[in-house]
Amino acid sequence: MAEPFTILTSLPMPLIRDNIDTDQIIPSREMKSTGKTGLTDGLFAGWRYTEIGGREPNPDFVMNDRAFADSRIILGGTNFGCGSSREHAVWALAEYGFRAIIAPSFAPIFAGNCVRNGILPVILAPEAIAIIEKSAAPVTIDLEAETVSLAGGENWAFPIEDEAKSMLLEGLDAIDLSLKMSEEIATWQDADRAARPWIYLGANA
Amino acid sequence: MTGNKTLFDRLWDSHVVTDLTGSGALIAIDRIFLHERTGAAALNALAEAGRKVADPARVFAVTDHIVDTLPGRTDQTLMPGGQAFIQETRAAAKAAGITMFDVNDPDQGIVHVISPELGIVLPGCTLIAPDSHTCTQGAFGALAWGVGSSEAEHAMATGTLRLAKPKSMRVKFTGRLNRGVTPKDMILTLLAQYGAAGGKGHAVEFAGEAVSALDMEGRMTLCNMATEFSAMSGFIAPDNKTFDYLEGRRYAPAGADWQQALASWLVLRSDTNAIFDQEIEIDASAIVPMVSWGTNPGQTIGVDGVVPDDAEAAPLEYIGLARGQTIKGVPIDAAFIGSCTNSRLSDLRRASAMFQGRKIADGIKAICVPGSSSVKREAEAEGIDLIFKNAGFEWRESGCSMCFYAGGESFPDGSRVISTTNRNFESRQGPNVRTHIASPETVVASAIAGVISDPRDLMKSELI
Ligand code: SF4
């Protein structure tokens, strides 16, 4: 279960490239952990270090710029998170501390994985993202109001599906939401067990 | 049948627990299969959140992805850290009360090969696994598809998934396949004609004379690559071949349950007037043996064809071919027979029948990996292992093996491999390895010649 997402203010880290895929977010050679944690070293490893498999920081990569050490928000390009459905990409981002990504569009599976792991995918027009980048100032994301704003007064609305919104706001994950329907599930299964007893293997064991 | 329901509607409707406001439905999940690459992560995350697997009897786990396929294998693997994946999955499965087909279990094998062998997948069931080729099992008239880790956790904890209903598509293969042409060539033809994104957002029913004519193993090969077509899943209406295959398998219903199940399975088909969001028709008698030329499975041509004139530069550069070049005759370094696409007994029988005493060309590294321990035993009982070995192939223990590269064993850097697998992505089978996907027959013909070859040329002279 993720921490509820209400209002977040942070200096965003600009990584405005189109089609950043999950292999760039975490290369498969860096997926060494059997769990969802222990992945932060692999985050953006191909860009972040001077050589493949190495750990020498590449000074030219934005993640190694001390100014963004505490960033909780990434500014991205179109089709963010495309490529394979590997959830490790989102786990690595979440473990590192990112809570929101602002981009003109997201790969659908990646966006779903973000919501499931407490990261808010914010869709804004490229012009708005350019203004935010240029301002080099903290932005505030208000999930309840569905807005992104700069201290100077600029303000943009972003779209988000109801279910994703309530999951993030309450820090609920999809499992919590579905477990609230335990009764319906049990009723359905009771009827189904009578109709298709062979599906319920435990009963025959 | 009258009405206008599709098979997909029937599979979907029969699993709707409740509709969700504005976002699809809560769908009941009948079977869950885990493997050691992601199983531990999903089970441990559940346990850490204090949640239980709702019905462990309907969850299974297997070691197939990382486990070595060399003889005498143990938990040690060539993949760095691989042992931890195996051991943690084993421990987590045990703690959750889940049946696991472990490293040297007689039922071990690639998840999508053993699930049907054991009768775990059944017509009309929903089956998920955190693995994109779960659609293979749609061959049994099941709704089977690959999910992410969190969804696997969700299904284990609740017995359901929250899903938006995909659109429906029917792909009809009319007519009959010619000799030397296989189900692999059918799916590669679909990919070549409609592209690797052609099935995006759709659940795909495969139908038509050529599909009905396939045996169950061929149907699995066809459904296996529905994910390469970007479909949510692929499936085929069950028929007597399906029922005959399943009857008597360990987890299939028996006795009165079997009779009741059969009755319910007979209605699993699309109505004559069923309405699909999209329909495609392909003449099976016009299909030829196919070989991929590029770095996605849609970049595929007939083995007697040439690399397209409008081929993109990047895949060409990677694969080291030129526009207009004939694919036949391109020298290969290696050959691979295996994977959840083409590693079943019928695949190995057809492939081994191609040798007729011939050996593979000098300098070719050739490997055959049976899809399950049971396939391996049956093949050995028929002497198929000796045919492969005498021809110069390595004969392995079952598993995913060199279908994918996870940092362990692989083909040499930059080598060119003709392979019965399903993905020709960059570095899929090892750093810079160039993969050409094809049928088992085409792989053997090419291994013998040392160059990409048309299996029909070998068959012409003899009665194979
Ligand atoms: S054989 Fe290859 S494609 Fe099939 S499940 Fe294993 S790794 Fe995936």
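Note that the structure is a prediction, hence the values are computed from the model and not measured. Throughout this description, residue numbers start from 1 for each chain and increase along the sequence as written. Lettering for chains starts from A, numbering for ligands starts from 1, and both go in the order in which the items are written. Totals for whole chains, interfaces and linings use every residue, but because this is a predicted model, local features are given only for residues with pLDDT of at least 70 and side-chain atom pairs only at 80 or more, for both listing and counting. Note that water and hydrogens are dropped before the side-chain values are worked out from all heavy atoms of the structure.

## Structural notes on the packing of aromatic side chains
- In summary, the pairing rule links any two rings of Phe, Tyr or Trp, Trp by its six-membered ring, whose centres are within 6.5 Å, and it sorts them by plane angle into stacked for under 30 degrees, edge-to-face for over 60 and tilted for everything else. According to the stated counting rule, one finds 21 aromatic pairs over all chains in the structure shown.
- Taking the centre distance of 5.2 Å and the plane angle of 25° together, the rings of Tyr96 of chain A and Phe98 of chain A count as stacked.
- Taking the relative accessible area as the measure of exposure, Phe98 of chain A reaches 1% and is therefore buried.
- Here Phe8 of chain B and Trp12 of chain B contribute two aromatic rings whose centre-to-centre distance is 6.0 Å and whose plane-to-plane angle is 50°, an arrangement assigned as tilted. Taken together, the positions of Phe8 of chain B and Trp12 of chain B, both in helix H1 (residues 7–13) and four residues apart, correspond to about one turn of that helix.
- Burial here depends on accessible area, computed with a 1.4 Å probe over protein chains only, as a share of the maximum for the residue type. Under 20% is buried, over 50% is exposed, and the range in between is partly exposed. Its relative accessible area of 2% is what places Phe8 of chain B among the buried residues. Only DSSP runs of H or I covering at least 4 residues are called helices, and only runs of E covering at least 2 are called strands; the numbering of each starts at the N terminus.

## Some words on the packing of helix H3 (residues 88–96) of chain A against helix H4 (residues 108–116) of chain A
Residues and elements named next belong to chain A.
- In contact at an axis separation of 9 Å, H3 and H4 are set at 40° when each is read in the N-to-C sense. Taken together, the axis directions place H3 and H4 in an arrangement best described as oblique. Between H3 and H4 lies a crossing whose hand is right-handed. Residues Ala89, Val90 and Leu93 of H3 lie in contact with H4, whose contacting residues are Phe110, Asn113 and Cys114.
- Residue type decides the class: Asp, Glu, Lys and Arg count as charged, Ala, Val, Leu, Ile, Met, Phe, Trp, Tyr, Cys and Pro as nonpolar, and the leftover types, Gly among them, as polar. In terms of residue class, the contact of H3 with H4 is built from five nonpolar, one polar and no charged. Orientation is described by axes fitted as lines to C-alpha atoms, over the contacting stretch for helices, and by angles from 0 to 180 degrees between their N-to-C directions. In this scheme, roughly parallel covers angles under 35 degrees and roughly antiparallel covers those over 145, while 65 to 115 is roughly perpendicular and the rest are oblique. Crossing handedness follows the turn of the near helix against the far one: under a right angle anticlockwise gives a left-handed crossing, and clockwise gives a right-handed one. It only takes one pair of heavy atoms within 4.5 Å for two residues to be counted as in contact.

## Topic: helix H2 (residues 39–48) of chain B
- Extensive coverage of H2 of chain B is indicated by the burial of seven of its ten residues.
- All of the buried residues in H2 of chain B are Gly39, Ala40, Ala41, Ala42, Leu43, Ala45 and Leu46 of chain B.
- Each element contacted by the buried residues of H2 of chain B is listed here: H3 and helix H7 (174–179) of chain A together with strand S3 (31–35), helix H3 (82–96) and helix H5 (149–158) of chain B.
- Once H2 of chain B finishes, Gly50 of chain B follows within two positions and takes phi at roughly 75°, a positive value.

## So, the pattern of salt bridges
- Think of a salt bridge as a Lys or Arg side-chain nitrogen and an Asp or Glu carboxyl oxygen that are within 4 Å of each other. Evaluation of the coordinates by the stated rule reveals 33 salt bridges over all chains.
- Linking Glu30 of chain A and Arg55 of chain A is a salt bridge whose minimum nitrogen-to-oxygen distance equals 2.8 Å. With Glu30 of chain A in the loop between helix H1 (22–25) and helix H2 (45–48) and Arg55 of chain A in the loop between H2 and strand S3 (73–76), the pair connects residues that are 25 residues apart, well separated along the chain.
- Since its relative accessible area comes to 6%, Glu30 of chain A is described here as buried.
- Given a relative accessible area of 36%, Arg55 of chain A falls into the partly exposed group.
- Through salt bridges with shared partners, a single network forms among Lys365, Glu394, Arg396 and Glu409 of chain B.

## Some words on the interface of chain B and chain A
- At the interface, 44 residues of chain B touch 34 residues of chain A.
- Accessible area that two parts lose when put together, evaluated with a 1.4 Å probe and summed over both, is termed the buried area. Across the chain B to chain A interface the summed buried area is about 3200 Å²; carbon plus sulfur atoms make up 58%.
- The largest per-residue losses of area from chain B upon contact with chain A belong to Arg51, Ser150 and Arg162 of chain B, which jointly make up 18% of the total buried on that side.
- At the boundary of chain B with chain A, the tally comes to five salt bridges.
- Arg51 of chain B is the salt-bridge partner of Asp173 of chain A, the closest N and O atoms lying 3.2 Å from each other.
- Looking at the side of chain B that touches chain A, the elements that each hand over two or more residues are strand S1 (16–19), strand S2 (25–28), H2, H3, H5, strand S8 (160–163) and helix H10 (255–265) of chain B.

## Details of unusual backbone geometry
- Notably, Asn79 of chain A is not glycine yet its phi reads approximately 55°, a positive angle.
- Position of Asn79 of chain A among the secondary structure elements: in the loop between S3 and H3.
- A relative accessible area of 28% means that Asn79 of chain A is categorised as partly exposed.
- Within the chain, Ser401 of chain B stands out as a residue other than glycine whose phi angle is a positive 55°.
- Inspection of the secondary structure puts Ser401 of chain B in the loop between strand S17 (394–395) and strand S18 (416–419).

## Here we look at the site of the ligand
Residues and elements named next belong to chain B.
- The nearness test applies per residue and asks whether one of its heavy atoms lies within 4 Å of the molecule or strand. Surveying the vicinity of the ligand reveals the residues His65, Ile110, His112, Asp131, His133, Ser339, Cys340, Cys400, Cys403, Phe404, Asn422 and Arg428.
- Considering only residue class, the shell around the ligand consists of five nonpolar, five polar and two charged.
- Split by domain, the shell around the ligand shows at least three residues from each of two domains, domain 1 (11–165) and domain 2 (291–458). Residue ranges assigned to each domain were obtained from an automatic or database domain assignment.

## Some points on the domain arrangement of chain A
All names here are of chain A.
- Assigned domains of chain A: these are domain 1 (7–172) and domain 2 (173–205).
- Distance from the C-alpha centre of domain 1 to the C-alpha centre of domain 2: 37 Å.
- Contact between domain 1 and domain 2 buries roughly 420 Å² in total, counting both sides, with carbon and sulfur atoms accounting for 73%.
- A per-residue breakdown of the area domain 1 buries against domain 2 is headed by Arg116, Met167 and Leu172, which together make up 83% of the total.
- Here domain 1 and domain 2 share zero salt bridges between them.
- Here a polar contact is taken to be a pair of N or O atoms separated by no more than 3.5 Å, where protein atoms must pair a possible hydrogen donor with a possible acceptor and residues adjacent in sequence count only if both atoms sit in side chains. Linking domain 1 with domain 2 are zero residue pairs in polar contact (both at pLDDT 80 or more), by the criterion used here.
- Take the side of domain 1 that touches domain 2: its biggest share by element is three residues, from helix H6 (residues 162–170).
- Here the side of domain 1 that touches domain 2 is built from residues that sort into two nonpolar, one polar and three charged.

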